[in-house]
Amino acid sequence: MRIGASTACFFPLLTEKALDNVLNLGFEQAEIFFNTSSELEDAFVKNLKQNADGHNAKILSVHPFSSALESNCIFAEYERRYYDFVDLYKKHFHAAALLGAEVVVIHGSVAVQKRDLSDEFYFERFQRLVELGKQEGVKVCQENVVRFRSQNMEFLKKMRNALGDDFHLVFDVKQALRSGYEPLEFLDEFKENVSHIHLSDNNLYADCLPPGKGNFDFKRLFDMMKSVDYKGGYVIEIYSKGLDVKKELALSKDYLERM
């Protein structure tokens, strides 16, 4: 099994240097977390791709830096702001295509907005993003994120029904736990809809540990996804504060790939 890592693990290191670290640790798969608009320019993106190609590595996914703005700029009623802002997502989709990435990760809107917008409104806006992603050959995927609408399993079931074959989920272990779910029970409901997975470990005291440092049953997760012939990626996503990230990622990579 091949395991990847997200450049987000090294934040606030510059994106290109974070990718250097991921590749130099021997990861053959990676997620790019863009951090500002200038990083979406073709020249910058092509340099990232050239670096990955030089290490025989594949970029699996792209994470927009603008996730925190989506509630007010994509999933809100002011139509002109949507059309102004959606161009930024077109650039992310284009960058993903240049990188050869299949997945773009979307957080969506927060669980409680100032105006009570319907789920149907949300699904219609998300479908617009999906169609724009298709123009670049990439999947626009909903991530389960605590304090966002997508923290709720019932909401995601309703979204699945509304979008049909266009519903694709990025499953995040720590986000499911933070949302009050047993992560593998959450995953079991959506395993056939998952296109990408963010890995982390946990125990009774912490919910975002490097894989191998907690009690999470990764073998059960892998077996569950094997049962549905999962073809997507597994990417470690942990946060750098208080960690020797290079050391921890190397240990986690070895731990997971020995399974």
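Each residue is numbered by its place in its chain's sequence as written, counting from 1. A pLDDT threshold of at least 70 governs which residues receive local features in this predicted model, and a stricter bar of 80 or more applies before side-chain atom pairs are shown or counted, although totals over entire chains, interfaces and linings include all residues. To get the side-chain values, all heavy atoms of the structure are used, and hydrogens and water are removed first.

### Some thoughts on the packing of helix α6 (residues 153-163) against helix α8 (residues 183-190)
To keep things clear, this is the line we draw: A fitted line through C-alpha atoms represents every axis, and for helices the fit uses only the stretch in contact; the resulting angles, taken between N-to-C directions, go from 0 to 180 degrees. By definition, any uninterrupted DSSP run of H or I lasting at least four residues is a helix, any uninterrupted run of E lasting at least two residues is a strand, and each is numbered from the N terminus. Should an angle fall under 35 degrees it is taken as roughly parallel, and over 145 as roughly antiparallel, whereas 65 to 115 is taken as roughly perpendicular and any remaining angle as oblique. With the far helix as reference, a near helix turned anticlockwise by less than a right angle produces a left-handed crossing, and one turned clockwise produces a right-handed crossing. It only takes one pair of heavy atoms within 4.5 Å for two residues to be counted as in contact. Residue polarity follows a fixed list, in which Ala, Val, Leu, Ile, Met, Phe, Trp, Tyr, Cys and Pro are nonpolar, Asp, Glu, Lys and Arg are charged, and the others, Gly among them, are polar.
Direction vectors running N to C along α6 and α8 enclose 15°, while the axes themselves pass 11 Å from each other. One element, α6, and the other, α8, form an angle in the roughly parallel class. Viewed along their axes, α6 and α8 form a crossing whose handedness is right-handed. Between α6 and α8, the contacting residues are M153, L156, K157 and R160 on the first element and E185, F186, E189 and F190 on the second. Across the contact of α6 with α8, the residue classes tally to four nonpolar, no polar and four charged.

### With respect to the environment of L60
What counts is decided by this rule: Note on classification: 1.4 Å probe, protein chains only; a residue is buried when its accessible area is under 20% of the maximum for its type, exposed when over 50%, partly exposed between these limits.
With respect to the helices and strands, L60 occurs in strand β3 (residues 58-63). For L60, a relative accessible area of 11% gives the class buried. As for L60 and N202, which are separated by 142 residues in sequence, their C-alpha atoms are 24 Å apart. Look past the residues within four positions of L60 in its chain and what remains in contact with it is Q29, A30, A101, E102, V103, H196, G233 and V235.

### Section: the layout of surface pockets
Using the following cut-off: A pocket here means an open set of points on a 1 Å grid, computed over the protein atoms alone, that has protein on both sides within 12 Å along at least five of seven lines. A cavity is instead a set of points where a 1.4 Å probe fits but cannot get out; residues with an atom within 4 Å of a point line either one. Grid points are joined across faces, edges and corners, and a volume is the space filled by probe spheres set on the points.
In this structure, the largest pocket spans a volume of roughly 460 Å³. Around the largest pocket, the lining is made up of 25 residues, and of these F33, H63, H107, E237 and Y239 lie nearest the centre. Elements with a minimum of two residues in the lining of the largest pocket: α1 (15-24) and α7 (173-178). Here the lining of the largest pocket is composed, by residue class, of twelve nonpolar, eight polar and five charged.

### Observations regarding the side chain of H107
Let me state the cut-off plainly: As used in this structure description, the phrase polar contact means that two N or O atoms lie within 3.5 Å; if the pair is within protein, one of them must be able to donate a hydrogen and the other to accept it, and residues adjacent in sequence are counted only when both atoms belong to side chains.
Here H107 lies in the loop between β4 (103-106) and α5 (119-135). A distance of 3.1 Å separates a polar atom in the side chain of H107 from a polar atom in the side chain of H63.

### Structural notes on unusual backbone geometry
P12 follows F11 through a cis peptide bond whose omega is 10°. Here P12 shows up in the loop between β1 (4-6) and α1. The phi torsion at N56 lies on the positive side, around 55°, for a residue other than glycine. Take N56: it is sitting in the loop between α2 (42-54) and β3. Exposure remark for N56: the relative accessible area of 66% places this residue in the exposed category.

### Some details on the packing of aromatic side chains
Note the cut-off: A pair of Phe, Tyr and Trp rings is counted when the ring centres sit within 6.5 Å of each other, with Trp represented by its six-membered ring. The angle between the planes then sorts it: under 30 degrees is stacked, over 60 is edge-to-face, the rest tilted. Charge-over-ring contacts are defined here by two conditions on Lys NZ or Arg CZ: a distance within 6 Å of the ring centre and an angle within 35 degrees of the ring normal.
For the coordinates displayed, the defined rule picks out 18 aromatic pairs. Geometrically, the ring pair formed by F85 and Y89 is tilted, given 5.8 Å between the ring centres and 45° between the ring planes. With F85 and Y89 both in helix α4 (residues 79-99) and four residues apart, the pair spans about one turn of that helix. Considering the side-chain rings of F123 and F155, the 5.4 Å spacing of their centres and the 40° angle between planes classify their relative orientation as tilted. Of this pair, F123 sits in helix α5 while F155 sits in helix α6, and the two are 32 residues apart along the sequence. Judged by relative accessible area, F123 falls into the buried class, the value being 5%. Clustering of aromatic rings is evident, with ring pairs tying together F216, F218, F222, Y230, Y234 and Y255. Its guanidinium or amino end placed over the ring of Y82, R125 lies 4.5 Å from that ring's centre, counting from NZ or CZ.

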